[in-house]
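Overview (structure and organization)
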Amino acid sequence: MDPIADMFSSIKNAIQRRRDYVDIPSSKVKERLLDILKREGYIKDWERLEENKKGTQYTLRVHLKYLDPKKSQSAIRDLHKVSKPGRRIYTPARSVPYVQKGLGIAILSTDAGIITDHEARRLKKGGEIIAYVV
């Protein structure tokens, strides 16, 4: 029911299995989230694979990032979906949350697009809290 939560579950499962990459169905919101994760250094990269036979849905391949060669420690320690379809969580600009005292990031959906908590504070924007990443 929640495609973003499904994407986060796929990423967490691939990390537990120590995979190099994971394939997920695409959407524009997922692409924006992956752009943020790449920019903040939580994943190596992501790419859009060839079209499916229907021609409308792409597959996204997310290349996971590990901190050691044995893949025992991932760059993503915790990926937590906050706002859910049954209960949306919003925050005003003056109380954008800090994640682990600034060591992690909160991803927000605002009228300026999908941005991190650092950018939301700088732009003085509030919005829906999508996820916490540590």
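For the structure given in this document, a descriptive report is provided here. (Residues numbered from 1 in each chain as written. Predicted model: local features only at pLDDT ≥ 70, side-chain atom pairs only at ≥ 80, totals over all residues. Heavy atoms only, no water.)

1. Focus: the pairing of strand β1 (residues 21-25)
- Burial of the side chains of β1 is restricted to one face: Val22 and Ile24 are buried, whereas none of Tyr21, Asp23 and Pro25 on the reverse face is.
- Here five bridges tie β1 to strand β3 (residues 59-64), and the two strands are oriented antiparallel to one another. Paired with Tyr21 across the two strands is His63, which belongs to β3. (Buried < 20%, exposed > 50% of the residue type's maximum accessible area, 1.4 Å probe, protein only. Helix = DSSP H or I, 4+ residues; strand = E, 2+ residues; numbered from the N terminus. Pairing = 2+ DSSP bridges.)

2. A short note on the nonpolar core
- Of all hydrophobic cores here, the largest spans 26 residues; its most connected members are Ile11 and Leu34.
- Elements supplying a minimum of two residues to this core: α1 (3-16), β1, α2 (28-39), β2 (43-48), β3, β6 (105-110) and β8 (127-133).
- The residues touching Ile11, leaving out its near neighbours within four places in the chain, are Val22, Leu34, Leu64, Ile76 and Leu79.
- Counting residues in each nonpolar core, the second largest holds nine residues, with Val82, Val96, Leu108 and Val134 among its members. (Core = buried A, V, L, I, M, F, W, Y, C linked by side-chain atoms within 4.5 Å. Contact = heavy atoms within 4.5 Å.)

3. Description of the sheet that holds β1
- Across the sheet, which stays open at both edges, the three strands sit in the order β1-β3-β2 with antiparallel pairing between neighbours. Either end of the sheet is taken by a strand with one partner, and the two such strands are β1 and β2. Ignoring strand direction, the axes of neighbouring strands in this sheet form an average angle of 20 degrees.
- Across the face of the sheet, α1 comes into contact with β1 and β3 while running at roughly 165 degrees to β1. (Axes fitted to C-alpha atoms, helices over the stretch in contact; angles between N-to-C directions.)

4. Some remarks on α1
- When the terminal C-alpha atoms of α1 are compared, their 20 Å separation across 14 residues agrees well with the 20 Å that a helix rising 1.5 Å per residue should span.
- Turning to α1, its buried residues number three or more, namely Ile4, Met7, Phe8, Ile11, Ala14 and Ile15. Mapping the buried residues of α1 onto a view down its axis gives an arc of 130 degrees, with all of them on the same face.
- Buried residues belonging to α1 abut β1, α2, β3, β4 (79-81) and β8. (Expected span 1.5 Å × (residues − 1). Arc of directions from axis to C-beta.)

5. Some details on α2
- The terminal C-alpha atoms of α2, which comprises 12 residues, lie 17 Å apart, in line with the 16 Å expected from a rise of 1.5 Å per residue.
- Those residues of α2 that sit buried are Lys30, Glu31, Leu33, Leu34, Ile36 and Leu37.
- Gly41 lies just past α2 and shows a positive phi near 90 degrees.

6. Regarding the packing of α1 against α2
- Following both chains from N to C, one finds α1 and α2 inclined at 45 degrees, their axes separated by 10 Å at the closest point. Relative to α2, the element α1 lies oblique. Handedness of the crossing formed by α1 with α2: right-handed. Along its contact with α1, which presents Pro3, Ile4, Met7, Phe8 and Ile11, the element α2 presents Val29, Lys30, Leu33 and Leu34.
- Here the contact of α1 with α2 is built from residues that sort into eight nonpolar, no polar and one charged. (Parallel < 35°, antiparallel > 145°, perpendicular 65-115°, else oblique. Left-handed = near helix turned anticlockwise from the far one by under 90°. Nonpolar A, V, L, I, M, F, W, Y, C, P; charged D, E, K, R; others polar.)

7. A look at the packing of aromatic side chains
- Throughout the structure, instances matching the rule amount to zero aromatic pairs.
- The side chain of Arg48 reaches across the aromatic face of Tyr58, ending 4.6 Å from its centre. (Phe/Tyr/Trp six-rings, centres within 6.5 Å; stacked < 30°, edge-to-face > 60°. Lys NZ or Arg CZ within 6 Å of the ring centre and 35° of its normal.)

8. Things to note about the environment of Lys125
- Mapped onto the elements of the fold, Lys125 is located in the loop between α3 (117-123) and β8.
- The spacing of Lys125 and Ala93 is 32 residues in sequence and 4.7 Å in space, taken between C-alpha atoms.
- Residue contacts for Lys125: discarding those within four places in its chain leaves Ala93, Val96, Thr110, Asp111, Ala112 and Ala120.
- Here the side chain of Lys125 touches Asp111 through a polar contact of 3.4 Å, side chain to side chain. (Polar contact = N/O pair within 3.5 Å; in protein donor to acceptor, adjacent residues only side chain to side chain.)

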